[in-house]
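# Residue-level structure breakdown
Take a look at the letters that make up each chain.
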Amino acid sequence: MSYTPTAPKQRQLLALLLLNANEVVSTGTCIEELWEDAPPNSALSTLQSYILQLRRSLRRVPRIGSLQAARGILETRDGGYLLAVADGELDADRFWGLVREGRGALRHDDERGSARLAEALRLWHGAALSDVQRGPVLRAHLVGLEEERVSVHEQRIAADLRLGRHQELLGELSGLTVRYPTHESLHAQFMLALYRAGRRTQALEVQRRLSTVLRTELGLDPSPRLRRLHQAILMGDATIDAPADTDGVLSADRPAPPSGRGAAAASGELVAAARTARRREPLLKR
């Protein structure tokens, strides 16, 4: 049974308090979130009414059971309100705990680190607060959450690439690069996974599409890291084959691939691959 309020403003306020659980949220912050820069004259009294309604919703939870107990959970503090939440009660707490554990494990055990980060990502079911209207404060919180989610994806995928799981990553990376069409790191990982799966032409297409999007939408060129990876794929540089060297391949300061006899020997194949990449239909649709 759900005890979550259905009224939009109350749900919005509850989300704000939950994202700042165990911290005082000032009345000014609550009003800014609910009404942005156009609060009504009755904003303070309306906010107090919403708090009362939230306490009544909390009262219905069996383990709380009374309005007095609800006041002990949703507290009025000087200048604001505090929603008391026990450790581990929120999905966000479990997410951060698994992320900390996973990142710690990555220092010495990619298998375990990848598993923990994957478990953290499974807690996400679509976008955060997708059924809650969002004002400026919640939007700022969600930007940070989404950036952290992408960072966890990157770290888990990097571990999987080091473990030689490039074939298994192709579908996931295809979806992620569509979702984040200007995210260079995810595109670099996709290019590397495709290359290691024997799909060099498609790896070149990913770089070409990213370059087009960056120039068209942002007026930017790909970073030196992407250009080095692109050149290494064109040359069939053996140094990007080894899964254990994934971090070196994708690092920002990786040296340029060697020139000389190896480059000359590959030149005919590279020209053909580049021409094929230009002719093929895009692998991914935006």
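Scroll up to find the structure this text is about.
Okay, so let's go over this structure. Fair warning: this is a prediction, and the values are worked out from it, not measured in the lab.

The N-to-C vectors of helix H1 (residues 8-19) and helix H2 (residues 27-35) enclose an angle of 135°; their axes lie 10 Å apart at closest approach. Comparing the axis directions of H1 and H2 gives the class oblique. As for the relative orientation of H1 and H2, their crossing is right-handed in sense. Residues Lys 9, Gln 12, Leu 13 and Leu 16 of H1 pack against Thr 29, Cys 30, Glu 33, Leu 34 and Trp 35 of H2. For the contact of H1 with H2, the per-class residue count stands at 5 nonpolar, 2 polar and 2 charged.

Within this structure, the stated rule accounts for 16 salt bridges. Across the pair Arg 103 and Glu 148 runs a salt bridge, and its minimum N-O distance is 2.5 Å. With Arg 103 in helix H5 (residues 91-105) and Glu 148 in helix H7 (residues 136-162), this residue pair connects regions lying 45 residues apart in the sequence. Its relative accessible area of 27% is what places Arg 103 among the partly exposed residues. The class of Glu 148 is buried, set by a relative accessible area of 18%. Between Arg 165 and Asp 160 there is a salt bridge; the shortest N-O distance is 2.8 Å. Its relative accessible area of 6% is what places Asp 160 among the buried residues. Through salt bridges with shared partners, a single ionic network connects Glu 111, Arg 156, Asp 160, Arg 165 and Glu 172.

This next bit is on the sheet that holds strand S2 (residues 74-77). Spatially, the 3 strands line up as an open sheet ordered S1-S3-S2, and their pairing is antiparallel. The open sheet has two edge strands, strand S1 (25-26) and S2, and neither has a second partner. Sitting on the sheet, H1 is in contact with S1, S2 and strand S3 (80-83), with an inclination near 70° to S3.

In this structure, Glu 36 takes a positive phi of about 50° despite not being glycine. Looking at the element boundaries, Glu 36 is found in the loop between H2 and helix H3 (43-59). On the basis of relative accessible area, Glu 36 is assigned to the partly exposed category, the value being 38%. Positioned with a positive phi, Leu 129 is a non-glycine residue whose angle comes to about 55°. Checked against the element boundaries, Leu 129 lands in the loop between helix H6 (110-122) and H7.

What counts and what doesn't
Residues numbered from 1 in each chain as written. Predicted model: local features only at pLDDT ≥ 70, side-chain atom pairs only at ≥ 80, totals over all residues. Heavy atoms only, no water. Axes fitted to C-alpha atoms, helices over the stretch in contact; angles between N-to-C directions. Helix = DSSP H or I, 4+ residues; strand = E, 2+ residues; numbered from the N terminus. Parallel < 35°, antiparallel > 145°, perpendicular 65-115°, else oblique. Left-handed = near helix turned anticlockwise from the far one by under 90°. Contact = heavy atoms within 4.5 Å. Nonpolar A, V, L, I, M, F, W, Y, C, P; charged D, E, K, R; others polar. Salt bridge = Lys/Arg side-chain N within 4 Å of Asp/Glu carboxyl O. Buried < 20%, exposed > 50% of the residue type's maximum accessible area, 1.4 Å probe, protein only. Pairing = 2+ DSSP bridges.

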